Amino acid sequence: MSSIVLSGCSLLSPKPEPGPDLTVPDVLYLTELRNADVELRTPAPAVDYTRPGRAACVALDKSKSVPSAVRPLAGNFYPDEASVIIVAAIHNYCPQHLGLLALPGRS
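Residues numbered from 1 in each chain as written. Predicted model: local features only at pLDDT ≥ 70, side-chain atom pairs only at ≥ 80, totals over all residues. Heavy atoms only, no water.

## Things to note about the nonpolar core
In terms of nonpolar packing, the biggest core is built from 19 residues, with Tyr 29, Leu 33, Leu 73, Ile 85, Ile 86 and Ala 89 touching the most fellow members. For this core, the secondary structure elements donating two or more residues are helix 2 (24-35), helix 3 (51-63) and helix 5 (79-92). With 6 residues, the single largest contributor to this core is helix 5. In this view, Ile 85 contacts Tyr 29, Leu 33, Pro 52, Gly 53, Leu 73 and Phe 77; residues no more than four positions away in its chain are not counted. (Core = buried A, V, L, I, M, F, W, Y, C linked by side-chain atoms within 4.5 Å. Buried < 20%, exposed > 50% of the residue type's maximum accessible area, 1.4 Å probe, protein only. Helix = DSSP H or I, 4+ residues; strand = E, 2+ residues; numbered from the N terminus. Contact = heavy atoms within 4.5 Å.)

## Concerning the pattern of salt bridges
The final tally for this structure, using the stated rule, is 1 salt bridge. Arg 54 serves as the salt-bridge partner of Asp 26, at 2.5 Å between the closest nitrogen and oxygen. In this pair, Asp 26 sits in helix 2 while Arg 54 sits in helix 3, placing the two residues 28 residues apart along the sequence. Arg 54 sits in the partly exposed class, given a relative accessible area of 37%. (Salt bridge = Lys/Arg side-chain N within 4 Å of Asp/Glu carboxyl O.)

## So, the side chain of Asp 26
On the basis of relative accessible area, Asp 26 is assigned to the buried category, the value being 3%. For Asp 26, the side chain forms a polar contact with the side chain of Tyr 93, separated by 2.7 Å. Aside from chain neighbours lying at most four places away, what touches Asp 26 is Asp 21, Thr 50, Arg 54 and Tyr 93. (Polar contact = N/O pair within 3.5 Å; in protein donor to acceptor, adjacent residues only side chain to side chain.)

## A word on unusual backbone geometry
With phi around 60°, Asp 37 is a residue other than glycine that occupies positive phi space. By the secondary structure assignment, Asp 37 is in the loop between helix 2 and helix 3. The class of Asp 37 is exposed, set by a relative accessible area of 66%. Positive phi values are uncommon outside glycine, yet Lys 64 reaches one of about 60°. Position of Lys 64 among the secondary structure elements: in the loop between helix 3 and helix 4 (66-70). By relative accessible area, Lys 64 is classed as exposed at 51%.

In structure tokens, the structure reads:
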């Protein structure tokens, strides 16, 4: 009798929404955001928090300019958060753009 009750209980439990499948770069990117206190506002598990970072890399591929990659983030993130997103994206998704993070006159 107890096995019937237990199996019945599992059927009544709601299954969590599946989240996006995370790659190693995704986990490293998200860790970098979390360590910099970037607020990931929506607690829903199905939200893809990697999207801003990946979009930043696409913008960098097109424009080769950090300011142009930051502009689309301005509506959803504070300026310091947008900067962290760009840096974390370059570190983890598009390291070919590391040179864009260098300050002029410094090596």
